[in-house]
Amino acid sequence: MREILFRGQTRRYGEKVRLNGEKIKSNWVYGGILPQNGDGDFAIIYQQKPTVEKYPVYADTVGQYTGMVDKHGTKIFEGDIIDFFGRSDGDGYGVVKYDAYETEFGFEYDNIYRSLGRNFHPENIEVVGNIYDNPELVEGKDLHLIVNAVVALAQELGMLDEESEVD
């Protein structure tokens, strides 16, 4: 039976600071999730062990456990930033996401979706952060890399001719 687990932040990184100006780390909680009505800013994560506790968390930070762990045994959640063995360029990281069309977890690398379960094994993946605490790891992707990746994929799928120009 697979483990159903969610995580969310009760405090964002840098939301509070020490007297010397040092940012205080975010606070993550793990457990089940109560349904959220509407587009609210908060959701509720509850833990059952050792006692039942409910925590309001920022709704945009909630991510589900993928059912996989990395090479160190760290659980992989949506929103995690991963380093993976086998990158051709040796640069950049993938962001773990749920793909509703494929009904599976995967990650984006150079804006191309790759299945997390089918193509990669735990010994080839390392969680290096997440998009909430470490956005600098994935910010600043060049637009031309994105366009080139989309064009190459469209050509591979036969949606564009080799000679097609894209503005």
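One can find the structure itself at the top, above this paragraph.
Below, the structure is looked at part by part.

Description of the pairing of strand β1 (residues 6-11)
Argument step 1. Pairing of β1 with strand β2 (residues 27-34), which is carried by five bridges, proceeds in the antiparallel orientation. Looking across to β2, one finds that R11 is bridged to N27.
Argument step 2. By the bridge criterion, two bridges tie β1 to strand β5 (residues 63-69) in an arrangement that is antiparallel. Bridging from a neighbouring strand, R7 pairs with G63 of β5.

A few points about the nonpolar core
Argument step 1. Listed in full, the twelve residues of the largest apolar core are M68, I76, I82, F84, V96, F105, F107, Y109, L116, F120, I125 and V127.
Argument step 2. Within the residue set of this core, elements represented by two or more residues are β7 (80-84), β9 (104-109) and β11 (125-130).
Argument step 3. In terms of residues, this core owes the most to one element, β9, which gives three residues.
Argument step 4. If we skip the residues at most four places from it in the chain, F84 touches G94, F107, Y109, F120, N124 and I125.
Argument step 5. Formed by five residues, the second largest nonpolar core is a distinct cluster that contains V29, A43, I45 and V57.

Notes on the sheet that holds β9
Argument step 1. Spatial strand order, β10-β9-β8-β7-β11: five strands in an open sheet with antiparallel pairing. Pairing within the sheet leaves two strands with one partner each, and these edge strands are β10 (112-115) and β11. Mean inter-strand twist for the sheet, computed between neighbouring axes without regard to direction, equals 45 degrees.
Argument step 2. With five bridges connecting them, strand β8 (residues 94-99) and β9 associate as antiparallel partners. Looking at β9, one finds that Y98 is bridged to F105.

A few points about the packing of aromatic side chains
Argument step 1. What the rule picks out here adds up to five aromatic pairs.
Argument step 2. Ring geometry for F42 and Y58: centres 5.1 Å apart, planes at 35 degrees, overall tilted. Here F42, found in strand β3 (residues 42-47), pairs with Y58, found in strand β4 (residues 53-58); they are 16 residues apart in sequence, far enough to count as distant.
Argument step 3. Arranged with centres 5.6 Å apart and planes meeting at 45 degrees, the rings of Y65 and F77 form a pair that is tilted. Remark: F77 occurs in strand β6 (residues 75-77) and Y65 occurs in strand β5; sequence separation between them is twelve residues.
Argument step 4. Overall, the relative accessible area of 6% leaves Y65 in the buried class.

Let's talk about the side chain of E104
Argument step 1. You can see E104 is positioned in strand β9.
Argument step 2. Here the side chain of E104 touches S115 through a polar contact of 3.4 Å, side chain to side chain.

Some words on the pattern of salt bridges
Argument step 1. A complete count under the given rule lists five salt bridges for this structure.
Argument step 2. A salt bridge links R7 to D80, with the nearest nitrogen and oxygen atoms 2.6 Å apart. With R7 in strand β1 and D80 in strand β7, this pair connects stretches of sequence that are 73 residues apart.
Argument step 3. Look at D80 and you get buried, because its relative accessible area is 2%.

Here's the deal with the side chain of T61
Argument step 1. Here T61 shows up in the loop between β4 and β5.
Argument step 2. Polar side-chain contacts of T61 include one of 2.9 Å to the backbone nitrogen of Q9.
Argument step 3. A distance of 2.7 Å separates a polar atom in the side chain of T61 from the backbone oxygen of Y58.
Argument step 4. The contact partners of T61, leaving out residues within four places of it in the chain, are R7, G8, Q9, R12, W28 and Y132.

Rules used in this analysis
- Residues numbered from 1 in each chain as written.
- Predicted model: local features only at pLDDT ≥ 70, side-chain atom pairs only at ≥ 80, totals over all residues.
- Heavy atoms only, no water.
- Pairing = 2+ DSSP bridges.
- Helix = DSSP H or I, 4+ residues; strand = E, 2+ residues; numbered from the N terminus.
- Core = buried A, V, L, I, M, F, W, Y, C linked by side-chain atoms within 4.5 Å.
- Buried < 20%, exposed > 50% of the residue type's maximum accessible area, 1.4 Å probe, protein only.
- Contact = heavy atoms within 4.5 Å.
- Axes fitted to C-alpha atoms, helices over the stretch in contact; angles between N-to-C directions.
- Phe/Tyr/Trp six-rings, centres within 6.5 Å; stacked < 30°, edge-to-face > 60°.
- Polar contact = N/O pair within 3.5 Å; in protein donor to acceptor, adjacent residues only side chain to side chain.
- Salt bridge = Lys/Arg side-chain N within 4 Å of Asp/Glu carboxyl O.

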